[in-house]
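Understanding the architecture of this molecule
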There are 2 protein chains.
Amino acid sequence: MQKDATIAEVNAAFVSSNEAFKVFSKLSLKHRAQLMRSIAAEIDSLGDELLIVAGKETNLPEARLRNERARTQFQLTSYAEACEKGDWLEARIDTAVPDKNPPKPDIRKMLVPLGPVVVFGAANFPFAYSTAGGDTASALAAGCTVIVKAHPAHPGTSELMAKAIHQAVAKNNLPAGVFIHLHGASFEVGEALVKHPLTKAVGFTGSLVGGRQLFDWACQRPEPIPVFAEMSSINPVFLLPGKMKEAAAETAKQYAGSITLGVGQFCTNPGLLIGIDNDDLKTFTSTLAEEITKLQPGTMLHAGISKNYAAKKDEALARPAVQVLAESETIAAENQGAPTIATVSGADFLKDPLLHREVFGPYSLLIRCKDAAELNTVAEYLEGQLTCTLMATTADMAAHATLVDIVKGRCGRFILNGVPTGVEVCLSMQHGGPYPATTDSRFGAVGADAIKRFARPLAFQNWPDDLLPDELKAANPLGIWRTVNNELMK
Amino acid sequence: MQKDATIAEVNAAFVSSNEAFKVFSKLSLKHRAQLMRSIAAEIDSLGDELLIVAGKETNLPEARLRNERARTQFQLTSYAEACEKGDWLEARIDTAVPDKNPPKPDIRKMLVPLGPVVVFGAANFPFAYSTAGGDTASALAAGCTVIVKAHPAHPGTSELMAKAIHQAVAKNNLPAGVFIHLHGASFEVGEALVKHPLTKAVGFTGSLVGGRQLFDWACQRPEPIPVFAEMSSINPVFLLPGKMKEAAAETAKQYAGSITLGVGQFCTNPGLLIGIDNDDLKTFTSTLAEEITKLQPGTMLHAGISKNYAAKKDEALARPAVQVLAESETIAAENQGAPTIATVSGADFLKDPLLHREVFGPYSLLIRCKDAAELNTVAEYLEGQLTCTLMATTADMAAHATLVDIVKGRCGRFILNGVPTGVEVCLSMQHGGPYPATTDSRFGAVGADAIKRFARPLAFQNWPDDLLPDELKAANPLGIWRTVNNELMK
């Protein structure tokens, strides 16, 4: 167990982070990208120790940890590439028109870094959304310095990742303040980090309660700052009748795997299955039940999460209108989560807000609607989601056009005939959504567009070419895409 | 005096706005642009009545109103063009890679409208930042429906503009709910508009107190929403020694005009002049004083603003450390604001937070710093600004590199050897800045990038081409710029 940072240490961290920002924010895109690539390389040189420590701290199997490590390195290197490419800078140039009345000055705009960014590590992704994860990579790419608060569930893993980043920072001859690593299991450390006057933005992945608290602190500051909290999502899946007639059993098998993947500890875990009650849905239900009973309970990330899973699940199952459909035949050992499926009628679901809440773990609730109208009503009642999925034939899509429109308004990623688990790291990915999925639906946490969360536009008016940043110079020395007099060009 | 909307009317407005959104948000870019162009045309057909009513309500001279009307129409037509062009959609396409392990699905992302947007009209721009102004134009371009709360200082002007928009909406066969116009002098109407569950974003231009209140209400909602409030800025101007040696008198004449333009009622009015105390600055000071005494007081927008100007100015001038440099020789009549320049030493300015506050009107405070170090300290103490300006020679820029870096962190638009008044409507313009200039420095209120304030990314995963929006179809039927597998192309 690591000692919490003191308030004095937090303050010192910001002084050093802010000093480092003065240097780092002026670094070329190439140099920033270089640092990010070095971090990826340093993670390699941590070797298997990283996997061993993380395995002990998170109970995640080695194969998953190897994949997550590779993904984390890919995030760093692919965001580095995007950083260098410069499309994200939104460079705009309008050249002067002296004979206009009044004369139009030369104006050039690009995104510039916000300042020191605080990142709160996630429990469920010890590598990809923690110390050296997506938020840190995005902030560095934007030119921001980073202060990470290690997740108390995997402090040793966080220490190792921090070591890799410190080494990369040193090897690139950058001030140590570019990246600062703190521990803080207590409420106080988080509060001090968000409320410090030098904090310019916050990245967080975790619970709704935690994320909302950070958001509220940030909004109450004399100078409010943006908080990008990715919090809670039940990722509804709509099982449309045509698709059920065509492939009920096959779909059930596919979803048994998705619901229980990683012991249901993904933010995109499908927690709601919604269909129209008929014989085809019964086929889906019975097949899903069969599959679930066969599946083994898995050890969850830590005791707190498994206790929370059991409690939230029991709370839901205790509702008189809810029936258990199936549970793993194997009794869950300590810290394990047992795959469980329950069911409720559409009418009862609509009556009970508790059933709309996320149950973090291998649990899913199947909602039986009496008809398409009730399906729409359920969709209307849903809160914001990271993902929504339609299992549907082409005919279903035509017959349920209203549902499709409703769902578009509820999510950040709209999947057709697939599963929400599995978040591809690419520019077109949107990992974000209307509240409470995230605190700001206009941004996402996966893919290079995540860089833009930590930057703001700065316009230069009437500057001589030699004093402008290279990104905006007339000759376009960096060869980046820019919009010049309203036309995109290189 | 118009009757305030009742809470029942506010609720009815949102029901109709939300219903209209279902239609309007699905309209093609072309059709959206058509509506915006029709609004511009309908403003023409209001004829001189608009100028007469606005003149009575705002005391603004006819020439200014003609220009502002033209600017308002240009905003509508140029944002319409940008809307149709589609660069702002940030269309991203990553095509499937089936043989990847796990297989990479086809993912396509674009910006989609947020929902009903509430716009609060501004007092100082009865056309360009009110009912049919920049916020309304941006929201419509994004595909959002709009509810405008008329500014109580020019309800008649607002009614006329609303009439033009209603006519355009009707002529384009769109539901009336696309645009709704309400009156509300009371606190309660504003609160109800921001707190209504169907509000998805808010646009505001006005005072710091007002904007912060809207922001706080929005953050305290169960579902927080973005508020784009453009609030307060004193637009500091740094008078560097080389430039003063070269052109002190000329610069003073230029600034006498900028400080008093439009009776100082522009959000980019230069309220602070900061230089190093020497003979050249004294030349600047005496010339500025001479010019100011010659200038006439002007009638301000309304009694409230002129009272407020007098009060805020007197409060500043009452500080023992502050001396009046010059005041218009003509006594200000009722509702008039008299051009006034005061001065204070850098040391005293740093000691007195009150002097950092905006005095809305033809007032500017000249800060005499003892040296370059104090100039930097003053810059460090400044809050966020819409604009900062450097009056500097090339040699000054080199000699004051630290100052240049500090200033970059304080503003949204950085002007070199010019005046901040005069905000060009173009893509490269940034009209926004760190708090308290605006509530979100990552966005701006002028230029087509303002459209993005009211949109969020939505990703489509594994959708068949024919069901995708045209913006994302394989054939690119709209011919818009899109990033396909990380490369920008048409």
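Residues numbered from 1 in each chain as written. Chains lettered and ligands numbered in written order. Predicted model: local features only at pLDDT ≥ 70, side-chain atom pairs only at ≥ 80, totals over all residues. Heavy atoms only, no water.

1. What to know about the interface of chain B and chain A
Interface size, as often reported, equals the accessible area lost upon joining of the parts. To be explicit about the condition: Contacts: residue pairs with any heavy atoms within 4.5 Å of one another. By buried area we mean how much accessible surface two parts lose on assembly, using a 1.4 Å probe and totalling the loss over both. A pair is scored as a salt bridge if a Lys or Arg side-chain nitrogen falls within 4 Å of a carboxyl oxygen belonging to Asp or Glu. Under this definition, polar contacts are N or O atom pairs within 3.5 Å; protein pairs additionally need one hydrogen-donor-capable and one acceptor-capable atom, and for neighbouring residues in sequence, both atoms have to be side-chain atoms. Each helix is a run of H or I in the DSSP string that is no shorter than four residues. Each strand is a run of E no shorter than two, and both are numbered from the N terminus. Three residue categories are used. Nonpolar comprises Ala, Val, Leu, Ile, Met, Phe, Trp, Tyr, Cys and Pro, charged comprises Asp, Glu, Lys and Arg, and polar comprises the others, including Gly. Any two strands with at least two DSSP bridges between them are considered paired.
In this assembly, 73 residues from chain B lie in contact with 73 residues from chain A. Carbon and sulfur atoms supply 53% of the area buried between chain B and chain A, which totals about 6000 Å² over both sides. The interface formed by chain B and chain A holds 13 salt bridges in total. Close ionic contact of Lys26 of chain A with Asp405 of chain B constitutes a salt bridge, the shortest N to O distance being 2.7 Å. Connecting chain B to chain A are 46 residue pairs in polar contact (both at pLDDT 80 or more). Put simply, the parts of the chain that give the side of chain B that touches chain A at least two residues each are β1 (92-94), β2 (107-113), α8 (208-220), α15 (401-408), β16 (411-416), β17 (455-461) and β19 (487-489) of chain B. Here the side of chain B that touches chain A gets 7 residues from one element, more than from any other, and that element is β17 of chain B. Residue composition of the side of chain B that touches chain A, by class: 34 nonpolar, 11 polar and 28 charged. Sheet topology note: the strand β17 (residues 455-461) of chain A/β16 of chain B ladder contains 3 bridges and is parallel. Directly across from Ala459 of chain A, in β16 of chain B, lies its bridge partner Arg413 of chain B.

2. A short note on the side chain of Asp396 of chain A
Residues and elements named next belong to chain A. To be explicit about the condition: Only protein chains enter the accessibility calculation, which uses a 1.4 Å probe; a residue is then buried when its area is under 20% of its type maximum, exposed when over 50%, and partly exposed in between. Residues counted as positive are Lys and Arg, residues counted as negative are Asp and Glu, and His and the chain ends are not counted.
Position of Asp396 relative to the elements: it lies in helix α14 (residues 394-399). Salt bridges are absent for the buried Asp396, whose nearest opposite-charge side chain, Lys243, sits at 7.7 Å. Not counting chain neighbours up to four residues away, the residues in contact with Asp396 comprise Leu240, Pro241, Gly242 and Lys243.

3. Regarding the nonpolar core
Filter applied, for reference: Throughout this description, the term nonpolar core refers to a set of buried Ala, Val, Leu, Ile, Met, Phe, Trp, Tyr and Cys residues connected via side-chain atoms within 4.5 Å.
Within the largest apolar cluster, 237 residues are counted, with the highest numbers of intra-cluster contacts made by Phe238 and Leu390 of chain A together with Phe238 and Leu390 of chain B. Setting aside anything within four residues of it in sequence, one finds Phe238 of chain A in contact with Ile274, Leu375, Ala379, Leu382, Thr389, Leu390, Met391, Leu403 and Val407 of chain A. Counting residues in hydrophobic clusters, the runner-up holds 50 residues, among them Leu182 and Trp217 of chain A together with Leu182 and Phe204 of chain B.

4. Let's talk about the pairing of β17 of chain B
β17 of chain B sits mainly inside the fold: 7 of its 7 residues count as buried. Residues Ala455, Pro457, Ala459 and Gln461 of chain B point to one face of β17 of chain B and Arg456, Leu458 and Phe460 of chain B to the other, with burial holding for every one of them.

5. A short note on the confidence of the model for chain A
The condition is simple: As a per-residue measure, pLDDT reflects the predictor's confidence and takes values from 0 up to 100.
Taken as a whole, chain A shows an average pLDDT of 97; of its residues, 100% reach a score of 70 or greater. Confidence metrics for the complex model read pTM 0.97 and ipTM 0.97.

6. Some points on the packing of aromatic side chains
All names here are of chain A. This is how it is decided: Only the six-membered ring of Trp is used, alongside the rings of Phe and Tyr, when aromatic pairs are assigned; centres must lie within 6.5 Å, and planes under 30 degrees apart are stacked while those over 60 apart are edge-to-face, with the rest tilted.
All told, the structure shown has 18 aromatic pairs over all chains when counted by the stated rule. Consider the rings of Phe228 and Phe443, whose centres lie 5.5 Å apart with planes at 70 degrees: the pair is edge-to-face. Here Phe228 is found in strand β7 (residues 227-230), whereas its partner Phe443 is found in the loop between β16 (411-416) and β17, with 215 residues between them in sequence. Taken as a pair, Phe228 and Phe443 share a single burial class, namely buried.

7. Digging into the packing of helix α2 (residues 29-45) of chain B against helix α5 (residues 134-142) of chain B
Residues and elements named next belong to chain B. Rules: Only the contacting stretch of a helix is used when fitting its axis, a line to C-alpha atoms as for every element, and angles between N-to-C directions run 0 to 180 degrees. Should an angle lie under 35 degrees it is considered roughly parallel, over 145 roughly antiparallel, and from 65 to 115 roughly perpendicular; all remaining angles are considered oblique. Note on convention: near helix rotated counterclockwise from far helix by under a right angle means a left-handed crossing. Clockwise means right-handed.
As a packed pair, α2 and α5 sit with axes 8 Å apart at the nearest point and diverge in direction by 155 degrees. Between α2 and α5, the crossing angle belongs to the class labelled roughly antiparallel. Here the hand of the crossing between α2 and α5 comes out right-handed. In this structure, α2 uses Arg32, Leu35, Met36 and Ile39 to contact α5, whose residues at the interface are Ala137, Leu140, Ala141 and Ala142.

8. Looking at the sheet that holds strand β3 (residues 117-120) of chain B
The pairing of strands in a sheet comes from backbone hydrogen bonds and takes either a parallel or an antiparallel form. Residues and elements named next belong to chain B. Read across the open sheet, the 5 strands follow the order β5-β4-β3-β6-β7; overall the sheet is parallel. Because the sheet does not close on itself, it has two edges, and the strands there are β5 (179-182) and β7 (227-230). Within this sheet the neighbouring strands show an average axis-to-axis angle of 15 degrees, counted without direction. The strands that α5 touches are β3, β4 (146-149), β5 and β6 (201-205); relative to β4, the one it contacts most, it runs at about 170 degrees.

9. Overview of the pairing of β5 of chain B
Residue and element names in this part refer to chain B. Applicable threshold: Handedness rule for crossovers: strands pointing away from the viewer, path from the first strand over the helix to the second running clockwise, crossover right-handed.
Burial along β5 is two-sided: the face carrying Phe179 and His181 and the face carrying Ile180 and Leu182 are both buried. Alignment of β4 against β5, held across 4 bridges, turns out to be parallel. Counterpart to Val146 in the pairing with β5 is Phe179. With helix α6 (residues 155-171) bridging β4 and the parallel β5, this β-α-β connection has right-handed handedness.

10. Some details on the domain arrangement of chain A
Residue and element names in this part refer to chain A. This is how the line gets drawn: Where each domain starts and ends follows an automatic or database-derived domain assignment.
Domain assignment breaks chain A into domain 1 (7-231 + 441-489) and domain 2 (237-416). In this structure, domain 1 and domain 2 have C-alpha centres spaced 35 Å apart. Listed as interface residues are 11 residues of domain 1 and, on the opposing side, 11 residues of domain 2. For the pair domain 1 and domain 2, the two sides together bury roughly 830 Å², of which 59% comes from carbon and sulfur. On the domain 1 side of the interface with domain 2, the three residues burying the most area are Asn59, Asn124 and Glu230, jointly 50% of the side's total. The tally of links from domain 1 across to domain 2 stands at 0 salt bridges. Connecting domain 1 to domain 2 are 3 residue pairs in polar contact (both at pLDDT 80 or more). Among the residues making up the side of domain 1 that touches domain 2, the classes are represented as 5 nonpolar, 3 polar and 3 charged.

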